[in-house]
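What follows is the residue order along each chain.
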Amino acid sequence: LVPGTYNAWVRAKAANGTWGAWSPVRTFTITAKPIVITGGTAPSFDRTPTLTWQAGPVPMTYDVWISRRGQSAAVYQKTGLTDLTHTVTTALARGEYDVWVRGTTANGITSAWGTATRMTIGFGPVNSTLAAVGRKQLSWNPIANADSYELYMDYLGGASAAQQQIVRLSGVTDTSYLLGASLPAGRYRAWIRAVHVENGATFYTAWVATSAPFTIS
């Protein structure tokens, strides 16, 4: 049965074929299963994410509810949506959120809210691969929506004593960095993170390190 409110009766039939009286009516309601969110909740810089979800079993309108992680009060709510996608219209602050979508049928039967889908705003997906290329260059994969990158390098020792953050750079707009000839020979490790600025707020990814120390000879 599709979601809705139903009336039911039961009556018995004797072995000789005689039917008994109908039972008193029983009214019951079938609700729809929770709506499944299919996209838009991956960690991202985007403060106005576009959410997508699966259609309900019958034509429905949809409600979106977003709250701070672990809290019940809505920081963003939209009702009566007819599409299977919605772009948040009020920029969300940096942080972690719970997201739900609920469907409502034409006769007012609603689906359950279900389990929240977690969403993180202000941190880009950590998909960089930072690699040392010879003596002269570090390179990394670009991160979507990054405006610039920050880079630092620790000198682990070799020709001279170890030194933390022997290189510290911000505002790097390329996806590579030429290593200075003045750097002492020895072993290094480098970290990078992406930076995004939106509506006056600055967002950062997590730091990503080289998979292993590298050597400058």
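Scroll up for the structure.
Before going into details, it helps to say that this report is about the structure given with it. The shown structure was predicted, so the numbers you read here are calculated from the model rather than taken from an experiment. (Residues numbered from 1 in each chain as written. Predicted model: local features only at pLDDT ≥ 70, side-chain atom pairs only at ≥ 80, totals over all residues. Heavy atoms only, no water.)

Opposite charge on two side chains permits pairing when their charged atoms draw close. Evaluation of the coordinates by the stated rule reveals 5 salt bridges. Measuring nitrogen to oxygen at the nearest pair gives 3.2 Å for the salt bridge that ties Asp-63 to Arg-102. In this pair, Asp-63 sits in strand 5 (residues 60-68) while Arg-102 sits in strand 8 (residues 95-105), placing the two residues 39 residues apart along the sequence. Here Asp-63 falls in the buried class, since its relative accessible area comes to 9%. Two residues, Glu-150 and Arg-193, come together in a salt bridge whose shortest N-O distance is 2.8 Å. Highlighted residues: Glu-150 in strand 12 (residues 148-158) and Arg-193 in strand 15 (residues 186-198), separated in sequence by 43 residues. Residues Glu-150 and Arg-193 agree in their burial class; the two are buried. (Salt bridge = Lys/Arg side-chain N within 4 Å of Asp/Glu carboxyl O. Helix = DSSP H or I, 4+ residues; strand = E, 2+ residues; numbered from the N terminus. Buried < 20%, exposed > 50% of the residue type's maximum accessible area, 1.4 Å probe, protein only.)

What follows is about a nonpolar patch on the surface. Residues Trp-9, Trp-22 and Val-25 make up a contiguous nonpolar surface patch of about 350 Å² in total accessible area. Mapped onto the elements, Trp-22 comes out in the loop between strand 1 (4-8) and strand 2 (26-30). (Patch = residues over 30% accessible without salt bridge, like charges linked within 9 Å, V, L, I, M, F, W, Y side chains within 5 Å. Areas by Shrake-Rupley, 256 points an atom, 1.4 Å probe, with all protein chains shown as cover.)

With that out of the way, let us pick up the sheet that holds strand 8. In sheet architecture, strand pairing relies on hydrogen bonds along the backbone and comes in two forms, parallel and antiparallel. Taken together, 4 strands build an open sheet; the order of strands is 6-5-8-9 and the sheet is antiparallel. Looking at the sheet topology across the chains shown, the edges are occupied by strand 6 (74-81) and strand 9 (117-121). Neighbour-to-neighbour, the strand axes of the sheet open up by a mean angle of 25°, direction not taken into account. For strand 8 and strand 9, the ladder comprises 5 bridges, and the chain directions are antiparallel. Within strand 9, the position partnered with Val-99 by the bridge is Thr-117. (Pairing = 2+ DSSP bridges. Axes fitted to C-alpha atoms, helices over the stretch in contact; angles between N-to-C directions.)

Moving on: the nonpolar core. Ranked by internal contacts, the top residues of the largest apolar core, which has 21 residues, are Leu-138, Met-153, Tyr-177, Leu-179 and Phe-214. Those elements giving two or more residues to this core turn out to be strand 12, strand 13 (163-172), strand 15 and strand 18 (214-216). Counting 19 residues, the second-largest nonpolar core is a separate cluster that includes Ala-32, Val-64, Tyr-97 and Val-101. (Core = buried A, V, L, I, M, F, W, Y, C linked by side-chain atoms within 4.5 Å.)

Attention shifts here to the sheet that holds strand 4 (residues 50-53). Reading across from one edge, 3-4-7 is the order of the 3 strands in this open sheet, with antiparallel pairing throughout. Each end of this open sheet is capped by a strand with a single partner; those strands are strand 3 (37-39) and strand 7 (85-87). Strand after strand, the sheet turns through a mean of 30° between neighbouring axes, direction not considered. Pairing of strand 3 with strand 4, which is carried by 2 bridges, proceeds in the antiparallel orientation.

As a general feature of sheets, a regular strand has side chains that alternate between the two faces. In terms of strand pairing, strand 15 meets strand 16 (residues 201-204) through 4 bridges, oriented antiparallel. Each residue of the ladder has a partner; that of Glu-198, found in strand 16, is Ala-201. A loop of 2 residues connects strand 15 with strand 16, the two strands running antiparallel in sequence, and Asn-199 in this loop sits at a positive phi of about 50°.

This paragraph deals with unusual backbone geometry. Negative phi characterises most residues that are not glycine, and trans characterises most peptide bonds. Phi at Gln-165 is positive, roughly 50°, even though this residue is not glycine. Along the chain, Gln-165 falls in strand 13. You can call Gln-165 partly exposed: its relative accessible area is 38%.

These figures come from the coordinates and say nothing about function on their own.
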